[in-house]
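Examining the three-dimensional arrangement
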Amino acid sequence: MHLRDIDYRCGDTHLRGYLAFKESSGKRPGVLVFHEGLGLGDFAMERARRLAEHGYAAFAADMFGERRQAANLEQATALIGVLRTEPATLRARARAALATLVALPEVDANRCAAIGFCFGGMVALELARDGADLRAVASFHGVLSTKLPAAAGAVKASVLVLTGAEDPLAPPDQVAAFADEMRAAEVADWQVVSFGNALHGFANPAADGSIMKAALYNAQADRRSWAAMHGLFDDVLA
């Protein structure tokens, strides 16, 4: 497998992503992987490698710059807060990652998708709302609210939301509001899958409640949500 760091920029911010793909001839679909609130680390990189094993070129993006990582919830909240209060900056950094991915010679720019976990799930959805040229977007236990709802006809991607039924960061009213947003935006293909008894962070084996009590790994939800993502990709990236 081919693995390497890639440096790129968004304005004055230096970003360092992580690329994974298997050696083969020809172009292949590309998938962006957006990290959780702690920053680009082992979990997002491992997911990129898993995607590469399935034949994708996977690029784990750096949303914080300089590949910064938070050591605790307080630091994560500060890093996330800067981008949540400035959605235009968040979207610009996500766009910079997409531009880096599609420019790679191994990638078929017409067959790209984005996924994200926790904070990264929100980023993936914001990229879809912004009208990025993506075939699919999958959000794993991401926040669903937004300061900039999708405009009618703007979303080009098929949208898959994978959420925990007990996730306090995506409560039922937020899920309902997201569904209303998708209808108002006339999104052609969207779905929400809610996993019973699953909390925030259900897809990350390192989520043990120590950093956030509401973040707890759920092996069943992890397995089924990953399968749902592959099902969507098989459908729209083929």
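Up top is the structure.
Described below are features of the structure shown in this document. Worth saying up front: this structure is predicted, and the values here are computed from it rather than measured.

Compared with an ideal rise of 1.5 Å per residue, which puts 13 residues at 18 Å, helix α5 (residues 172-184) spans 18 Å between its outermost C-alpha atoms and is within 8% of the ideal. Along α5, the residues that are buried comprise Gln174, Phe178, Ala179, Glu181 and Met182. End-on, the buried residues of α5 take up no more than an arc of 160°, which puts them together on one face. What points out from α5, more than 90 degrees from its buried face, is the exposed set Pro172, Asp173, Arg183 and Ala184. Next to the buried residues of α5 lie α4 (119-129), β7 (158-164) and β8 (190-195).

Now for the pairing of strand β5 (residues 107-117). For β5, the buried fraction is high: eight of the eleven residues fall into the buried class. As paired strands, strand β3 (residues 28-34) and β5 are joined by six bridges and run parallel to one another. Bridge pairing in β5 places leucine 32 opposite alanine 114. Strand direction decides the pairing type here: β5 and strand β6 (residues 136-140), joined by five bridges, are parallel. Looking across to β6, one finds that alanine 114 is bridged to valine 137. What joins β5 to β6 is α4, and the crossover it makes is right-handed.

What follows deals with unusual backbone geometry. In this structure, glutamate 66 takes a positive phi of about 60° despite not being glycine. Turning to its location among the elements, glutamate 66 is positioned in the loop between β4 (57-60) and α2 (73-84). The class for glutamate 66 is exposed, based on a relative accessible area of 54%.

Turning to the environment of lysine 156, a few remarks are in order. Along the chain, the position of lysine 156 falls in the loop between β6 and β7. Linking lysine 156 and proline 168, residues twelve residues apart in sequence, is a C-alpha distance of 29 Å. Among the polar contacts listed, one links the side chain of lysine 156 to the side chain of aspartate 133, at a separation of 2.6 Å.

Counted by the stated rule, this structure contains one cavity of 30 Å³ or more. The calculated volume of the largest cavity comes to roughly 30 Å³. In terms of lining, the largest cavity is formed by Leu125, Ala128, Arg129, Val155, Val159, Phe178 and Met182. Of all elements in the fold, only α4 and α5 reach the threshold of two or more residues within the lining of the largest cavity. In terms of residue count, α4 provides more of the lining of the largest cavity than any other element does, three residues in total. Class assignment of the residues belonging to the lining of the largest cavity gives a composition of six nonpolar, no polar and one charged.

As a further point, take the side chain of arginine 93. Here arginine 93 lies in helix α3 (residues 87-102). For arginine 93, which is buried and forms no salt bridge, the nearest opposite charge comes from aspartate 62, at a distance of 6.9 Å. For arginine 93, the contacting residues outside a window of four places in its chain are Cys10, Thr13, Leu15, Met63, Phe64 and Leu83.

Our next topic: the pattern of salt bridges. A full pass over the atoms with the stated rule returns 14 salt bridges. Close ionic contact of arginine 16 with aspartate 7 constitutes a salt bridge, the shortest N to O distance being 2.6 Å. With a shortest N-O distance of 2.8 Å, aspartate 108 and arginine 111 are connected by a salt bridge.

With seven of seven residues buried, β3 is to be regarded as a mostly interior element. One ladder, built from four bridges, connects β3 with β4; its direction is parallel. Among the inter-strand pairings, valine 33 is bridged to a residue of β4, identified as alanine 60.

Basis of the calculations
Residues numbered from 1 in each chain as written. Predicted model: local features only at pLDDT ≥ 70, side-chain atom pairs only at ≥ 80, totals over all residues. Heavy atoms only, no water. Helix = DSSP H or I, 4+ residues; strand = E, 2+ residues; numbered from the N terminus. Expected span 1.5 Å × (residues − 1). Buried < 20%, exposed > 50% of the residue type's maximum accessible area, 1.4 Å probe, protein only. Arc of directions from axis to C-beta. Contact = heavy atoms within 4.5 Å. Pairing = 2+ DSSP bridges. Right-handed = clockwise from strand over helix to strand, strands pointing away. Polar contact = N/O pair within 3.5 Å; in protein donor to acceptor, adjacent residues only side chain to side chain. 1 Å grid on protein atoms, 1.4 Å probe; cavity = no way out; pocket = protein on both sides within 12 Å on 5 of 7 lines; lining within 4 Å. Points joined across faces, edges and corners; volume = space filled by probe spheres on them. Nonpolar A, V, L, I, M, F, W, Y, C, P; charged D, E, K, R; others polar. Lys, Arg positive; Asp, Glu negative; His and termini not counted. Salt bridge = Lys/Arg side-chain N within 4 Å of Asp/Glu carboxyl O.

Purely geometric stuff here, so don't read any function into it on its own.
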